[in-house]
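The chain contents come next:
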Amino acid sequence: MCAFLDISKAFDSVRHSDVFECMENRGVSRDTIAMLKAMYYKGASRIIISGHLSEKIEIKRGVRQGGSTSPIVFNFIPNELAWMIEEANIGIKVGDPGINVGLLLYADDIVLLAGTEIDLQKLCDICGKWAEKYSLEANQQKSVVVDYSLKPQKLIVRISGEFLKQTDQLSILGKS
């Protein structure tokens, strides 16, 4: 059983303060964090409205589009989810001697893997707590559950209080 979750506007939504706190907690050097803070703090934009330039708007969220450090900076947030799921020790056994895999990550796409509906709900609960902590949310239109078992059953799974749609066909990276 899997839950395929798309995080809404993830790259635009991560708070800079959360990213730097995660970096500190994971042992990134103070010099590296200071360099990145210098790149991100005091960032501002201006917009033109009816031909008039606005005042500066301070940017406190999001990674820089096209920035060479942006994927690494962003990944500190999903990596916190990976730590939480690893600690919960929920997932499916893969290979011999059986490595437990409960999560697959690709950019802002999340796949939760479980052997039972109860475990899948536990993983969704963990993901919901993570999303709430970092002010992120699953895009309900793009998030689904799938039962790949030989005898698929109707799954009733929620994330952040919202029921996930079930499907038997899935498009990943534009492929069915």
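Every chain is numbered on its own, with residues counted from 1 as its sequence reads. Where totals are concerned, whole chains, interfaces and linings use all residues; where local detail is concerned, this predicted model gives features only for residues with pLDDT of at least 70, and gives and counts side-chain atom pairs only at 80 or more. Each side-chain value is worked out from all heavy atoms of the structure, with water and hydrogens disregarded.

In the nomenclature of an unreviewed UniProt entry, the protein is known as Reverse transcriptase domain-containing protein of Blepharisma stoltei.

Draft legend 1. Region of the structure containing the packing of helix α4 (residues 70-88) against helix α5 (residues 117-133). The contact between α4 and α5 brings their axes to 10 Å, and the two run at 145°. Considering the relative orientation of α4 and α5, their crossing is right-handed. Touching I77, P78, E80, L81, M84, I85 and A88 of α4 are L123, I126, C127 and W130, all from α5. Axes, fitted as lines to C-alpha atoms, cover a helix only where it is in contact. Angles between the N-to-C directions of the axes lie from 0 to 180 degrees. Runs of E in the DSSP output that reach at least two residues are strands. Runs of H or I that reach at least four are helices, and both are numbered from the N terminus. For any helix crossing, the convention is left-handed if the near helix is rotated counterclockwise from the far helix by under a right angle, and right-handed if that rotation is clockwise. In what follows, a contact means two residues having at least one pair of non-hydrogen atoms within 4.5 Å.

Draft legend 2. Region of interest: the nonpolar core. In terms of nonpolar packing, the biggest core is built from 40 residues, with I110, L112, L120 and W130 touching the most fellow members. The set of elements that each furnish at least two residues to this core consists of β1 (2-6), α2 (16-25), α3 (30-40), α4, β9 (109-113) and α5. Per-element accounting of this core gives the leading share, 7 residues, to α5. Those residues in contact with L120, other than ones at most four positions away along the chain, are M1, C2, A3, L112, A114, V145, L155 and V157. Residues belong to a common nonpolar core when they are buried Ala, Val, Leu, Ile, Met, Phe, Trp, Tyr or Cys residues joined through side-chain atoms within 4.5 Å. Burial status follows relative accessibility: with a 1.4 Å probe on protein chains alone, a residue under 20% of its type maximum counts as buried, one over 50% as exposed, and anything between as partly exposed. Formed by 6 residues, the second largest nonpolar core is a distinct cluster that contains V111, L113, V144 and V146.

Draft legend 3. Spatial organisation of the pattern of salt bridges. Here, a salt bridge means any side-chain nitrogen of Lys or Arg that lies within 4 Å of a carboxyl oxygen of Asp or Glu. For the coordinates displayed, the defined rule picks out 3 salt bridges. Across the pair D18 and R15 runs a salt bridge, and its minimum N-O distance is 2.7 Å. With relative accessibility at 22%, the residue R15 sits in the partly exposed group. A salt bridge links E80 to R26; the shortest N-O distance between them is 2.9 Å. A residue pair is termed long-range when its members are at least 10 positions apart, and E80 in helix α4 and R26 in the loop between α2 and α3 qualify at 54 residues. Assessed through its relative accessible area of 10%, E80 is described here as buried.

Draft legend 4. Spatial organisation of α4. One less than the number of residues in a helix, times 1.5 Å, gives the span that helix is expected to have. The first and last C-alpha atoms of α4 sit 29 Å apart over 19 residues, in line with the 27 Å expected at 1.5 Å per residue. By definition, a residue's bend is the angle between the axes fitted to the seven residues ending there and the seven starting there. Within α4, the axis deviates most sharply at F76, by approximately 35°, and proline P78 lies no more than four positions further along. Within the sequence span of α4, burial applies to S70, V73, F74, F76, I77, P78, E80, L81 and I85. Where α4 is buried, its residues touch α1 (10-13), α2, α3, β8 (103-106), β9 and α5.

Draft legend 5. Structural view of the pairing of β1. Counted residue by residue, β1 has 5 buried out of 5 residues, so it is predominantly covered. A pair of strands is considered paired only if DSSP assigns at least 2 bridges between the two. The pairing of β1 with β9 spans 5 bridges and is antiparallel. Following the sheet pairing, L5 is matched in β9 by I110. Here 3 bridges tie β1 to strand β10 (residues 144-146), and the two strands are oriented antiparallel to one another. Looking at the pairing, A3 lines up with V145 of β10.

Draft legend 6. Just unusual backbone geometry, in detail. You will see that S50, though not glycine, has its phi angle at about 50°, which is positive. Position of S50 among the secondary structure elements: in the loop between β3 (48-49) and β4 (52-53).

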